[in-house]
Amino acid sequence: QVHLVESGGGSVQPGGSLTLSCTASGKFASIDDMGWHRQAPGKERELVAVVNRAGTTKYSSAVKGRFTISRNTAANTWSLQMNSLKPEDTARYFCNAKVTVTVELGRQKIPQDFHSWGPGEQVTVNS
């Protein structure tokens, strides 16, 4: 199965910075729509940022201008640079991606897509 693992979480003071990284491993043909979601206690999981293979990015209004997502598809990694962190950014952050597995049936190769999620990394912003 495909495994996604986050790293880089921790505690930081307001106005500080952190960088989260995600690495995908396992057997798959390609990866796309590499993103980050977050979930605070008592809240639903929400999209933070996403980047596709072409490099097109999308951010939630809450983080736009402060966070930057980047990716290295060849290495199956992507990162979230978080600047000017606020207490309301405190949450567990999850990386996710659409992965494609190629199923071979004789000479046929059939792509199958699914989404994979990491276990999450805690980010805490306070004084």
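Structure shown above.
A brief report on the enclosed structure follows. (Residues numbered from 1 in each chain as written. Predicted model: local features only at pLDDT ≥ 70, side-chain atom pairs only at ≥ 80, totals over all residues. Heavy atoms only, no water.)

**Here we look at a nonpolar patch on the surface**
The cut-off we apply is this: For patch building, the residue pool is restricted to those with more than 30% relative accessible area and no salt bridge; the joining distance is 9 Å between like charges and 5 Å between nonpolar side chains (Val, Leu, Ile, Met, Phe, Trp, Tyr). Each accessible area is a Shrake-Rupley result for a 1.4 Å probe, and residues are judged covered by the shown protein chains and nothing else. A carboxyl oxygen of Asp or Glu within 4 Å of a side-chain nitrogen of Lys or Arg is what we treat as a salt bridge. The numbering of helices and of strands both runs from the N terminus, where a helix is a DSSP run of H or I of at least 4 residues and a strand a run of E of at least 2. The buried label goes to any residue with under 20% of its type's maximum accessible area, the exposed label to any with over 50%, and the partly exposed label to all in between, with areas taken from a 1.4 Å probe on protein chains only.
Residues Val103, Leu105 and Ile110 make up a contiguous nonpolar surface patch of about 210 Å² in total accessible area. Mapped onto the fold, isoleucine 110 is located in strand 10 (residues 108-117). Isoleucine 110 gets classed as partly exposed once you look at its relative accessible area, which sits at 31%.

**Notes on the nonpolar core**
Selection rule: What we call a nonpolar core is a set of buried Ala, Val, Leu, Ile, Met, Phe, Trp, Tyr and Cys residues that are connected through their side-chain atoms within 4.5 Å.
Counting residues in each nonpolar core, the largest one holds 29 residues, and the members touching the most others are Trp36, Trp78, Leu80, Met82 and Tyr93. Broken down by secondary-structure element, the contributors of at least two residues to this core are strand 3 (18-25), strand 4 (30-39), strand 5 (46-51), strand 7 (67-72), strand 8 (77-82), strand 9 (91-105) and strand 11 (121-125).

**Considering the state of the cysteines**
This is how it is decided: Here, two cysteine sulfur atoms that lie within 2.5 Å of each other are counted as a disulfide.
One pass over the structure, following the stated rule, counts 1 disulfide. Sulfur-sulfur distance for the disulfide between cysteine 22 and cysteine 95 comes to 2.0 Å. Across the S-S bond linking cysteine 22 and cysteine 95, the dihedral sits near 50°, which makes this disulfide right-handed. In this pair, cysteine 22 is assigned in strand 3 and cysteine 95 in strand 9, connecting sequence segments 73 residues apart.

**Observations regarding the environment of proline 14**
Position of proline 14 relative to the elements: it lies in the loop between strand 2 (10-12) and strand 3. With 39 residues separating them along the chain, proline 14 and arginine 53 place their C-alpha atoms 32 Å apart.

**A look at the sheet that holds strand 8**
The cut-off we apply is this: Here, any two strands with at least 2 DSSP bridges between them count as paired. Under this scheme, a helix contributes an axis fitted over its contacting stretch, all axes are lines through C-alpha atoms, and angles between N-to-C directions fall in the 0 to 180 degree range.
Taking strand neighbours across the sheet as the criterion, the 4 strands line up as 1-3-8-7 in an open arrangement whose pairing is antiparallel. Since the sheet does not close on itself, it has two edges, and those belong to strand 1 (3-7) and strand 7, each with one partner. Across the sheet, the axes of successive neighbouring strands diverge by a mean angle of 15°, strand direction being ignored. Pairing geometry for strand 1 and strand 3, over 5 bridges, is antiparallel. Looking at strand 3, one finds that valine 5 is bridged to threonine 23.

Coordinates in, geometry out; function isn't part of it.
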